[in-house]
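Structural features, examined
The primary structure of each chain is shown beneath.
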Amino acid sequence: MDAKVNTVYKVSDVRGEGNARRRLLDMGFTPECSLYVAGIAPFGGTVLVGLRGFMVALREDAASLIEIKAAG
């Protein structure tokens, strides 16, 4: 996920196969869902994202499976 902090995006796709992709979809990372990037760890590792009324911290490898586009 190539994103800037304090920015709203829309999910365009969730890549990958198997459990990692299924987990992200189950958490609500579905196409056309809006998400807010609240923070990124300074040296990588985790991304804090808000969507559907809750916040979730994603590992960098899981976040990289989410393709985003500009909202609006």
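Reading guide: rules and limits
Residues numbered from 1 in each chain as written. Predicted model: local features only at pLDDT ≥ 70, side-chain atom pairs only at ≥ 80, totals over all residues. Heavy atoms only, no water. Pairing = 2+ DSSP bridges. Helix = DSSP H or I, 4+ residues; strand = E, 2+ residues; numbered from the N terminus. Axes fitted to C-alpha atoms, helices over the stretch in contact; angles between N-to-C directions.

**Let's talk about the sheet that holds strand S4 (residues 54-59)**
Strand order in this open sheet of five strands is S4-S3-S2-S1-S5, and the pairing throughout is antiparallel. The sheet is open, and its two edges are formed by S4 and strand S5 (66-70), each paired on a single side. The average angle at which neighbouring strand axes cross in this sheet is 45 degrees, direction not considered. Where strand S3 (residues 46-51) and S4 come together, six bridges link them in antiparallel fashion. Its bridge partner being in S4, Leu48 is matched across the sheet by Ala57.

**So, the pairing of strand S2 (residues 34-40)**
Walk down a regular strand and you will see the side chains alternate between the two sheet faces. As paired elements, strand S1 (residues 7-14) and S2 share four bridges and run antiparallel to each other. Counterpart to Lys10 in the pairing with S2 is Ser34. Relative to S3, S2 is paired through four bridges, and the arrangement is antiparallel. Considered in S3, the bridge of Tyr36 is made with Gly50. Taking the residues between adjacent antiparallel strands as the criterion, S2 and S3 are bridged by five residues, where Gly44 takes a positive phi near 80 degrees.

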